[in-house]
Amino acid sequence: MVRPIKITEENFKAFGQYSNLQRENRLSGVKYEEYISAEKYVYQPMRFGMTICKNEKRFYVDSMERHLTTEEILICGDKPIVLSVADSNPYGEPQAEDILVFYMEPGDVVMLAKGIWHDACQAVEADAFYYFMAHGTGKGDEIKWHAIQPAPVAVEI
Amino acid sequence: MDQAARIGMGFTREGAPYTVENMKRDANTKKLFACGAGPAILAVADTKADAAQAGDVRAFLLEPGDFVVINEGIWNDACHGVSGATHYFFLSLEDEESTEYVPIKGGTLVVDA
């Protein structure tokens, strides 16, 4: 059984890059607070997507996908979510022992490196949505879900 | 978006009705807006001048799932909530130096949902 942990720049480094927009550059607004990343995330044309997810206090990560040709950006949307990832061999299968689960809150953005195994996110409570961005063909093995080896992993929020 | 972009997030404490007094634009970047915690209002103006004209301002309601990409040079205000505080996201190349809010010409506008 795995419990989600708080995400930090340090503990996410093996999977890609994490940042919180509220700690990045603030734009000069008069009546508003606007923050923008110092870095350009979108290096090439990407599609912009949205996933609505539900909460289950205990759920199983039974399969993951990974993309060999594109980074994937995940932007926490309206409410907290959890993200499950594994740094297993991208040319093999995702391994249960490699799975880590991170909490993400609105303002948190991650860019998954190419080849990082990941599940769809889950809401921490009720339902939540998040945005994702990726470049890629969306075909074949790029979007095939691979079963976790040797067995699914339970996550308890 | 057809170019590199930064990821941004905005917070607004105001919902409608609210006033549009200033707008900003950036000639060098398209800008994508998407909702955060709930519906959001985005006011834009296609004025080809050094300040947005009140008569050109259009306010659009974005529901969760909607996203828009505005072209380079389009005047825009920060988003507002419909009934109170909310947050929203944007993709853009702008930075602190590239955009300044400029008072709109022809009077202040009230936006009401």
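Conventions adopted
Residues numbered from 1 in each chain as written. Chains lettered and ligands numbered in written order. Predicted model: local features only at pLDDT ≥ 70, side-chain atom pairs only at ≥ 80, totals over all residues. Heavy atoms only, no water. Helix = DSSP H or I, 4+ residues; strand = E, 2+ residues; numbered from the N terminus. Buried < 20%, exposed > 50% of the residue type's maximum accessible area, 1.4 Å probe, protein only. Areas by Shrake-Rupley, 256 points an atom, 1.4 Å probe, with all protein chains shown as cover. Lys, Arg positive; Asp, Glu negative; His and termini not counted. Charge placed at Lys NZ, Arg CZ, Asp CG, Glu CD. Contact = heavy atoms within 4.5 Å. Buried area = accessible area lost by both parts, 1.4 Å probe. Salt bridge = Lys/Arg side-chain N within 4 Å of Asp/Glu carboxyl O. Polar contact = N/O pair within 3.5 Å; in protein donor to acceptor, adjacent residues only side chain to side chain. Phe/Tyr/Trp six-rings, centres within 6.5 Å; stacked < 30°, edge-to-face > 60°. Lys NZ or Arg CZ within 6 Å of the ring centre and 35° of its normal. Core = buried A, V, L, I, M, F, W, Y, C linked by side-chain atoms within 4.5 Å.

A few points about the overall build of chain B
Point 1. Summing up its helical and strand segments, chain B has zero helices and 12 strands in all.
Point 2. For chain B, the α and β elements follow one another from N to C terminus as β-β-β-β-β-β-β-β-β-β-β-β.
Point 3. If you line up chain B on its principal axes, its C-alpha atoms span 35 × 30 × 20 Å.
Point 4. By residue count, 53% of the 113 residues in chain B fall in the buried class.
Point 5. Accessible area of chain B: about 4,800 Å², with a carbon and sulfur share of 48%.
Point 6. Taking the average location of the 9 positive side-chain charges in chain B and that of its 17 negative ones, the two points are 3 Å from each other.

Notes on the interface of chain B and chain A
Reports of interface size often rely on the accessible area that becomes lost once the parts have come together.
Point 1. Contacts between the two partners involve 39 residues from chain B, matched on the other side by 34 residues from chain A.
Point 2. Carbon and sulfur atoms make up 61% of the area that chain B and chain A hide from each other, which totals about 3,000 Å².
Point 3. Our count for the contact surface shared by chain B and chain A stands at two salt bridges.
Point 4. With a shortest N-O distance of 3.1 Å, arginine 13 of chain B and glutamate 33 of chain A are connected by a salt bridge.
Point 5. Seen at the junction of chain B and chain A, the total is 11 residue pairs in polar contact (both at pLDDT 80 or more).
Point 6. Only β1 (6–12), β4 (31–35) and β10 (86–92) of chain B provide two or more residues apiece to the side of chain B that touches chain A.
Point 7. Sort the elements by how many residues they give to the side of chain B that touches chain A and β1 of chain B lands first, with seven residues.

Quick look at the packing of aromatic side chains
Point 1. By the definition in use, this model includes 10 aromatic pairs over all chains.
Point 2. With 4.8 Å between their ring centres and 65 degrees between their planes, phenylalanine 48 of chain A and phenylalanine 67 of chain B make a pair best called edge-to-face. With phenylalanine 48 of chain A in strand β5 (residues 47–54) and phenylalanine 67 of chain B in strand β7 (residues 67–70), this pair bridges two chains.
Point 3. Ring geometry for phenylalanine 129 of chain A versus tyrosine 131 of chain A: centroids 5.3 Å apart, planes at 70 degrees, classification edge-to-face. With respect to burial, phenylalanine 129 of chain A and tyrosine 131 of chain A carry one shared label: buried.
Point 4. Among the aromatic residues, those joined into a ring-pair cluster are Phe48, Phe129 and Tyr131 of chain A together with Phe67 and Phe89 of chain B.
Point 5. Just above the ring of phenylalanine 90 of chain B sits the side chain of lysine 31 of chain B; from NZ or CZ to the centre is 4.9 Å.

Overview of the environment of glutamate 14 of chain B
Residues and elements named next belong to chain B.
Point 1. Looking at where glutamate 14 falls in the secondary structure, it is placed in the loop between β1 and β2 (18–20).
Point 2. Classification of glutamate 14 as partly exposed rests on a relative accessible area of 29%.
Point 3. The spatial distance from the C-alpha of glutamate 14 to the C-alpha of glycine 81 is 6.3 Å, given a sequence separation of 67 residues.

Considering the nonpolar core
Point 1. In terms of nonpolar packing, the biggest core is built from 35 residues, with Ile73 and Tyr131 of chain A together with Ile7 and Phe33 of chain B touching the most fellow members.
Point 2. Secondary structure elements with two or more residues in this core: β8 (72–76), β11 (108–112) and β14 (127–134) of chain A together with β1, β4, β5 (40–45) and β10 of chain B.
Point 3. When residues no more than four places from it in sequence are discounted, the contact partners of phenylalanine 33 of chain B are Leu42, Leu62, Asp66, Phe67, Val68, Ile70, Asn76, Cys79, Tyr88, Phe89 and Phe90 of chain B.
Point 4. Formed by 19 residues, the second largest nonpolar core is a distinct cluster that contains Val85, Met104, Cys121 and Ala128 of chain A.

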